[in-house]
Amino acid sequence: ANFIRKHWQAKSTLSSRNKRREKTCFIPHLFRVRDICKKGETMAEITDITPQVKDKERCNIYVDGRFYCGLKLETAVRHRLKAGQHIELSALDEIQLENEQSQALDKAMTHLTHSIKTEKEMRDFLKKKGYVDAVADAVLEKLKEYGLVDDDEYCRQYAASAGKSKGARLIAYELRRRGAAEDSIGRALSDLTGEEEAVSAALKKYMRGREFTKENLSKAYRHLMSKGFDYETAKAALASLGADEEG
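Described below are features of the structure shown in this document. Predicted model, so just to flag it, every value in this text is computed and none were measured.

## Points about the packing of helix H4 (residues 89-112) against helix H5 (residues 119-128)
Then step 1. Following both chains from N to C, one finds H4 and H5 inclined at 130°, their axes separated by 11 Å at the closest point. What the angle tells us is that H4 and H5 run oblique. Taken as a pair, H4 and H5 cross one another with a handedness that is right-handed. Contacts between H4 and H5 involve Ala104, Lys107, Ala108, His111 and Leu112 on the former and, on the latter, Met122, Phe125 and Leu126.
Then step 2. By residue class, the composition of the contact of H4 with H5 is 6 nonpolar, 1 polar and 1 charged.

Shown next as structure tokens:
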């Protein structure tokens with residue numbers, strides 16, 4: 001890509017002789033990239049390399065017309081990646097894994113300072129930043145080792161907090177949306193306590209300032225169901241206010 005060539009030329013202080021030597025080394029370097037590829041893989045084409053809008057020191061690599069990954073500009077230059085080049089995808093994966101794992105880990109840990117995340121949320125974050133699966137796998141392995149990504153702990157904390165105003169059904173739904181593992185959700189909900197207090201608080205809050213008419217009690221029932229409480233729990237809460245049925 002033109003911008004990579006210009007960037008390399010601007011930083012280079014090679015003499016004309018050195019430049020000629022660099023050109024003669026270009027083809028052998030490509031063979032070294034191919035040496036790390038897995039045999040039998042189908043060759044893919046780098047169709048474009050463009051600078052990233054928010055970080056001019058990084059670029060986006062497009063393979064077969066689709067975005068594939070992001071790389072440091074210096075990494076792309078060092079490996080002589082260019083539009084029109086044919087290369088196995090495993091080569092790009094290994095280039096990124098070798099050169100960007102440390103940076104990806106730093107970004108992931110910074111992202112986690114705001115709040116804890118599920119494994120899927122962190123994987124999606126890394127993918128959005130342009131890291132390939134091999135880099136994301138390595139980073140997530142480290143984060144798990146450090147105890148910074150733990151779906152069990154995430155679900156336990158989330159259920160404990162949300163359980164003060166929501167029922168188990170809604171909590172499970174919200175955790176699934178965040179990509180939490182199903183077995184982690186199940187363990188968190190099995191430890192959940194205080195649902196009676198939660199449904200009672202939710203009902204009292206909803207009925208505050210409303211008359212105890214059949215219509216309002218019916219609306220209250222639907223409200224409790226929307227908060228994730230099951231039929232029996234909602235019915236029992238209404239009965240505690242003197243309602244014989246949900247409406």
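## Examining the sheet that holds strand E4 (residues 86-87)
Then step 1. Taken together, the 4 strands give an open sheet; going across it, the order is E3-E2-E1-E4, and neighbouring strands pair in antiparallel fashion. Each edge of the open sheet is held by one strand with a lone partner, namely strand E3 (66-72) and E4.
Then step 2. Where strand E1 (residues 44-51) meets strand E2 (residues 58-63), 5 bridges bridge the pair, whose relative direction is antiparallel. Across the sheet, residue Pro51 finds its bridge partner in E2, namely Cys59.
Then step 3. Of the strands in this sheet, E1, E2, E3 and E4 are in contact with H4, which crosses E3 at around 55°.

## Details of the pattern of salt bridges
Then step 1. The full count for this structure, using the stated rule, is 11 salt bridges.
Then step 2. Between Arg176 and Glu182 there is a salt bridge, and its shortest N-O distance comes to 2.8 Å.
Then step 3. On the basis of relative accessibility, which here comes to 44%, the residue Arg176 falls in the partly exposed class.
Then step 4. Residue Glu182 is classed as partly exposed on the basis of its relative accessible area of 47%.
Then step 5. Salt bridges here are not isolated pairs; linked through shared partners, they connect Glu119, Arg123, Asp137 and Lys144.

## Some remarks on the packing of helix H11 (residues 214-226) against helix H12 (residues 231-239)
Two numbers describe a pair of packed helices, the interaxial angle and the distance between the axes.
Then step 1. For the pair H11 and H12, interaxial distance at closest approach is 9 Å and the crossing angle is 145°. Of the two elements, H11 crosses H12, and the hand of that crossing is right-handed. Contacts between H11 and H12 involve Leu217, Ala220, Tyr221, Leu224 and Met225 on the former and, on the latter, Tyr231, Ala234, Ala237 and Leu238.
Then step 2. Residue classes in the contact of H11 with H12 are distributed as 9 nonpolar, no polar and no charged.

So, how was this worked out
- Residues numbered from 1 in each chain as written.
- Predicted model: local features only at pLDDT ≥ 70, side-chain atom pairs only at ≥ 80, totals over all residues.
- Heavy atoms only, no water.
- Axes fitted to C-alpha atoms, helices over the stretch in contact; angles between N-to-C directions.
- Helix = DSSP H or I, 4+ residues; strand = E, 2+ residues; numbered from the N terminus.
- Parallel < 35°, antiparallel > 145°, perpendicular 65-115°, else oblique.
- Left-handed = near helix turned anticlockwise from the far one by under 90°.
- Contact = heavy atoms within 4.5 Å.
- Nonpolar A, V, L, I, M, F, W, Y, C, P; charged D, E, K, R; others polar.
- Pairing = 2+ DSSP bridges.
- Salt bridge = Lys/Arg side-chain N within 4 Å of Asp/Glu carboxyl O.
- Buried < 20%, exposed > 50% of the residue type's maximum accessible area, 1.4 Å probe, protein only.

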